[in-house]
Amino acid sequence: MADILILGGGVGGLVTANTLRRQLDRRHRIILVERQRQHVFTPAFLWMMLGWREPQEIARDLASLERKGIEVVQDEIREIDPVARQVKTERRTLSADYLVLALGAEGSLGGIPGLGGAGHNVYDLEGTLGLRDALRQFREGRVAVLIAGLPFRCPAAPYEAAMLIEAFLSRRGLRERVQVDVYTPETLPMPVAGRAMGEAVKGLVESRGVGFHPQHKVVAVDPERRELAFENGTRAGYDLLVVIPPHRCAPVVKEAGLTVEPGWVPVDKGTLQTGHERVFAIGDTTLIKLPVGLPLPKAGVFAHGQGEVVAENIAAEIAGRSGARRFDGFGSCIIDMGHGVAAYAKGNFYAEPAPAMTMRSPSRLWHWGKIYFEKRWLRRWF
Ligand SMILES: Cc1cc2nc3c(=O)[nH]c(=O)nc-3n(C[C@H](O)[C@H](O)[C@H](O)COP(=O)(O)OP(=O)(O)OC[C@H]3O[C@@H](n4cnc5c(N)ncnc54)[C@H](O)[C@@H]3O)c2cc1C
């Protein structure tokens, strides 16, 4: 009998728990610890921003996993001891034979003067709802989509957000009266995916008349004057500010001594094993250096694939089977552009010497594909 403790009920944790439950009989305990009552499908935040989704449509109660035999502990994790494989939550202490960390990355608006409260954080449910209200009232002016720091979750999402806002305002007959711009410290969109992919995404954005401003690292925001100040000495005004916050590892993971500079958990890129025996980390919390010298991006598609690999390997080890699976670095992404179309990018991020990526032209098929994926996700894991 084994106890497997999964920390985090987001993408990686959900996939790991379900995959393990399918492969292990009920003598083995699978315990999922998550502070939130509900799992939320984050890609749909961008549709919620336009009023195309309500929060309850994209959320599911984690407690419903109990009927499958996954124990759910809704609590705040306070301490992780990776040597003893022991976890303290607000109310209890849990020990395990296997520990899987899937605690994600959290947005943090502190650190940049004036940023907190200046705009709408589209990476957060409340922020997205605030943005939805602001967009409904928006009639004219400049919309700034600000990537406030690196790394951030989902390399394509800010560009999707900008294009969807453009489409939304166009549909309301306001296109001539608004300007949408993206400001980013990156040199190109999705720089880890290579120049060709970056140029392709830049092309999509610019085809919508959205301004792309690379190498613009914000250093201060003046909410009174509605102005952004950048490290390169330039300034830009805005009427509506959409913020993609800088991200950091969950503090409890850092306090456990599991991170290395610049603050994420190093793991074996194939097995996702940390430096501790039978302790794994998956998804946004990890640091996986690619041959190009940049880290693997933080995206649900990777958390998903890694969760399956870790679950299958744990189940195999418990069953005494050999032949561990390795995560292959494959990732894909549907980039919704509004106006009923989306582009699709995919490739192997572990390819050497650089990720090998391709992009399919925008079409209605991929837009519907993203909607299908959303529905399937919310049905498949609950
Ligand atoms: C707007 C938006 C759009 C996106 N679109 C896409 C997309 O199209 N494709 C894609 O691949 N990715 C997308 N992503 C990124 C994707 O959501 C993340 O990369 C993915 O969720 C990472 O999975 P994870 O399991 O590592 O972390 P998460 O899914 O973030 O889960 C971590 C969980 O840990 C919990 N937690 C953290 N600390 C504690 C604690 N101390 N105690 C208890 N619980 C804790 C959190 O509450 C959270 O539920 C998008 C993200 C956003 C914000």
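Structure: see above.
Residues numbered from 1 in each chain as written. Predicted model: local features only at pLDDT ≥ 70, side-chain atom pairs only at ≥ 80, totals over all residues. Heavy atoms only, no water.

1. So, empty space enclosed by the protein
Heads up, the condition is: Think of a 1 Å grid over the protein atoms and nothing else: a 1.4 Å probe that fits but is trapped marks a cavity, an open set flanked by protein within 12 Å on at least five of seven lines marks a pocket, and residues with an atom within 4 Å of a point count as lining. Grid points are joined across faces, edges and corners, and a volume is the space filled by probe spheres set on the points. In this classification, the charged set is Asp, Glu, Lys and Arg, the nonpolar set is Ala, Val, Leu, Ile, Met, Phe, Trp, Tyr, Cys and Pro, and all remaining amino acids, among them Gly, are polar.
One pass over the structure, following the stated rule, counts one cavity of 30 Å³ or more. Estimates place the volume of the largest cavity at around 60 Å³. Grouping the constituent residues of the lining of the largest cavity by class yields five nonpolar, three polar and two charged.

2. Observations concerning unusual backbone geometry
Put simply, the test is: Secondary structure is summarised from DSSP: a helix means a run of H or I of at least four residues, a strand means a run of E of at least two, and numbering begins at the N terminus for each.
With an omega of -5°, the peptide bond running from L150 to P151 counts as cis. Positionally, P151 belongs in the loop between β12 (141-147) and α4 (157-171). The residue after E352, namely P353, is reached through a cis peptide bond having omega 5°. Structurally, P353 can be placed in the loop between β24 (341-348) and β25 (356-363). Not every positive phi belongs to a glycine, and L272 is a case in point at roughly 70°.

3. A few points about the nonpolar core
In plain terms, the rule: Residues enter a nonpolar core if they are buried and are Ala, Val, Leu, Ile, Met, Phe, Trp, Tyr or Cys, with the set joined through side-chain atoms within 4.5 Å. In this scheme, a residue with accessible area under 20% of its type's maximum is buried, one over 50% is exposed, and one in between is partly exposed, where area comes from a 1.4 Å probe on protein chains only. Working rule for contacts: check all heavy atoms of both residues, and any pair within 4.5 Å makes them a contact.
Membership of the largest hydrophobic core comes to 115 residues, with the highest contact counts inside it found for L5, L7, L20, M49, I80, L101 and V253. With sequence-adjacent residues up to four places away left out, V253 is seen in contact with I80, L101, L103, L258, T259, V265 and T285. Within the second largest apolar cluster, 15 residues are counted, among which are I112, A118, A148 and V221.

4. Focus on the packing of helix α1 (residues 11-23) against helix α7 (residues 300-319)
Short version of the rule: Between N-to-C directions, angles span 0 to 180 degrees; the directions come from axes that are lines fitted to C-alpha atoms, helices contributing only their stretch in contact. Orientation categories follow fixed angle ranges, with anything under 35 degrees roughly parallel, anything over 145 roughly antiparallel, 65 to 115 roughly perpendicular, and all other angles oblique. Helix crossings get a hand from a simple test, with the near helix turned counterclockwise from the far one by less than a right angle marking a left-handed crossing and a clockwise turn marking a right-handed one.
Two numbers describe how α1 lies on α7: the axes approach to 8 Å, and their chain directions differ by 30°. On the basis of their axis angle, the class for α1 and α7 is roughly parallel. For α1 against α7, the interelement crossing comes out right-handed. Touching V11, G12, V15, T16, T19, L20 and Q23 of α1 are G300, A303, H304, G307, E308, A311, E312, I314 and A315, all from α7. For the contact of α1 with α7, the per-class residue count stands at seven nonpolar, seven polar and two charged.

5. Brief notes about the packing of aromatic side chains
For the record, the criterion: Between 30 and 60 degrees the pair is tilted, below 30 it is stacked and above 60 it is edge-to-face, where a pair is any two Phe, Tyr or Trp rings, Trp via its six-membered ring, whose centres lie within 6.5 Å. Two conditions define a charge sitting above a ring: the NZ of Lys or the CZ of Arg must be within 6 Å of the ring centre, and it must be within 35 degrees of the ring normal.
Per the counting criterion, the structure on display carries 10 aromatic pairs. Centroid distance F41 to W377: 6.4 Å. Interplanar angle 45°. Geometry classified as tilted. Highlighted residues: F41 in the loop between β3 (38-40) and α2 (45-48) and W377 in helix α8 (residues 364-380), separated in sequence by 336 residues. Look at F41 and you get buried, because its relative accessible area is 5%. Between the aromatic rings of F327 and Y350, the centroid separation amounts to 5.6 Å while the plane-to-plane angle is 85°, which identifies the pairing as edge-to-face. With a gap of 23 residues between them, F327 in the loop between α7 and β23 (330-338) and Y350 in the loop between β24 and β25 connect regions that are remote in the sequence. Each member of the pair, F327 together with Y350, is buried. Taken together, F41, F373, W377 and W381 form an aromatic cluster joined through their ring pairs. Directly above the ring of Y350 sits K269, whose terminal nitrogen or CZ lies 4.5 Å from the centroid. Above the ring of W264, the side-chain terminus of K298 is found at 3.9 Å from the ring centroid.

6. Some remarks on the site of the ligand
Operational definition: Nearness is judged by heavy atoms alone; a residue qualifies as near a molecule or strand once a single heavy atom is within 4 Å of it. Nitrogen and oxygen atoms within 3.5 Å of one another constitute a polar contact, given that in protein one can donate a hydrogen and the other can accept it, and given that sequence-neighbouring residues count only through two side-chain atoms.
In the vicinity of the ligand, 30 residues are found, and the nearest of them are G12, E34, T42, D284 and V301. A distance of 2.9 Å is found between an oxygen atom of the ligand and a backbone nitrogen or oxygen belonging to V301. Within the side chain of K370, a nitrogen or oxygen atom sits 3.2 Å from an oxygen atom of the ligand. Every element with two or more residues in the shell around the ligand is listed here: α1 and α7. The element contributing the most residues to the shell around the ligand is α7, with three residues. Looking at the shell around the ligand residue by residue, the classes come out as 14 nonpolar, eight polar and eight charged.

7. Some points on the sheet that holds strand β1 (residues 3-7)
Formally: In this description, strands pair whenever DSSP reports at least two bridges between them.
The parallel open sheet is built from five strands, whose spatial order is β5-β2-β1-β9-β21. At either margin of the open sheet sits one strand with a lone partner, and together these are β5 (70-74) and β21 (279-281). Neighbour-to-neighbour, the strand axes of the sheet open up by a mean angle of 20°, direction not taken into account. In the sheet, strand β9 (residues 98-101) pairs with β21 via three bridges, with the strands oriented parallel. Across the sheet, residue L101 finds its bridge partner in β21, namely A281.

8. A closer look at the sheet that holds strand β14 (residues 211-213)
Reading across from one edge, β11-β18-β12-β13-β14 is the order of the five strands in this open sheet, with parallel pairing throughout. On the outer flanks of this sheet lie β11 (120-121) and β14, each paired with one strand and no other. Where β11 and strand β18 (residues 240-244) come together, two bridges link them in parallel fashion. Each residue of the ladder has a partner; that of N121, found in β18, is V243.

9. Here we look at the layout of surface pockets
In this structure, the second largest pocket spans a volume of roughly 440 Å³. Taken together, 18 residues line the second largest pocket, and the ones lying closest to its centre are L150, P151, F152, L294 and P295. Each residue belonging to the lining of the second largest pocket can be placed in one class, and the counts come to 14 nonpolar, one polar and three charged.

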